[in-house]
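# Fold and contact review
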Amino acid sequence: MKPMKEYAISFVGLKVGNHNFEYKIDQTFFDYFEYEDFNNVAIKVDVLLNKKATLLELHFEITGHVNINCDVTNEPYNQNLENSFDLVVKFGQEYNDENIDILILPHGEYEVNIQQYIYELIVLAIPAKRIHPGVEDGTLNSEILEKLEELSPKEKKEKTDKDIDPRWNTLKKLLTDK
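Residues numbered from 1 in each chain as written. Predicted model: local features only at pLDDT ≥ 70, side-chain atom pairs only at ≥ 80, totals over all residues. Heavy atoms only, no water.

## A few points about the overall build of the chain
On a plain count of helices and strands, the chain comes out with five helices and seven strands. In the chain, the succession of helices and strands from N to C terminus is β-β-α-β-β-β-β-β-α-α-α-α. Against the 2.2 N^0.38 benchmark of 16 Å for 178 residues, the chain shows a C-alpha radius of gyration of 28 Å, more extended than a compact globule. Here the C-alpha coordinates of the chain stretch approximately 95 × 45 × 30 Å along the principal axes. Out of the 178 residues in the chain, the part that is buried amounts to 31%. Total accessible area on the chain stands at roughly 12,700 Å², and carbon and sulfur atoms take up 50% of it. The distance from the centre of the 20 positive side-chain charges to the centre of the 33 negative ones in the chain is 10 Å. (Helix = DSSP H or I, 4+ residues; strand = E, 2+ residues; numbered from the N terminus. Rg over C-alpha atoms; globule rule 2.2 N^0.38 Å. Buried < 20%, exposed > 50% of the residue type's maximum accessible area, 1.4 Å probe, protein only. Areas by Shrake-Rupley, 256 points an atom, 1.4 Å probe, with all protein chains shown as cover. Lys, Arg positive; Asp, Glu negative; His and termini not counted. Charge placed at Lys NZ, Arg CZ, Asp CG, Glu CD.)

Here it is, written out as structure tokens:
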């Protein structure tokens, strides 16, 4: 997959210190990754780059929402997202991204591409169980919920002594006799 140029941060010309970068993520970003779970995306990514003499520190903050389908009703809804991530970029002999928090770039590199980190940060912020807020508070009316209610087991009535076979009563006497 060819990297997207708008997510490449060129750090060679930057002075030592903090630098802010802001990205607006929409559905085309996820189309590029061929990720089809989202109906619509509106996310803002703030990246704070702290350039030091020997390394780079990146702090990612995402806020916004994605429109996804509920796992229970398949109704679309907006899921609010907030997440953050810290990444340290060091320089070494060869490229190495085995450690989740540390990226090692070869000496002589002049930019770091953050598109994969943004993608993973957003996808991992989605809850494992996607439940429409209307399902949780009972305000959502849908055919699927009505059908689930219709097919759910009803409350069983408690058995009374009249419902019990009289032959067992003699055995119950044995429990109380000492």
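Further notes follow.
## Some thoughts on the packing of aromatic side chains
Overall, the coordinates contain 15 aromatic pairs when judged by the stated rule. Ring geometry for tyrosine 7 versus phenylalanine 29: centroids 5.2 Å apart, planes at 70°, classification edge-to-face. Within this pair, whereas tyrosine 7 is found in the segment before β1 (8-10), its partner phenylalanine 29 is found in helix α1 (residues 27-32), the two being separated by 22 residues in sequence. According to the relative accessible area criterion, tyrosine 7 is buried, its value standing at 6%. Classification of phenylalanine 29 by relative accessible area gives buried; the value is 1%. The interplanar angle of 35° and the centroid separation of 6.0 Å between the aromatic rings of phenylalanine 60 and phenylalanine 85 together place this pair among those described as tilted. Linking phenylalanine 60 in strand β4 (residues 56-69) with phenylalanine 85 in strand β5 (residues 76-92), this pair joins segments that are 25 residues apart in sequence. (Phe/Tyr/Trp six-rings, centres within 6.5 Å; stacked < 30°, edge-to-face > 60°.)

## Let's talk about the side chain of histidine 19
Tracing the backbone through its elements, the reader meets histidine 19 in strand β2 (residues 17-25). In this structure the side chain of histidine 19 is engaged in a polar contact, spanning 2.7 Å, whose partner is the backbone oxygen of lysine 15. Aside from chain neighbours lying at most four places away, what touches histidine 19 is Leu14, Val47, Leu48 and Leu49. (Polar contact = N/O pair within 3.5 Å; in protein donor to acceptor, adjacent residues only side chain to side chain. Contact = heavy atoms within 4.5 Å.)

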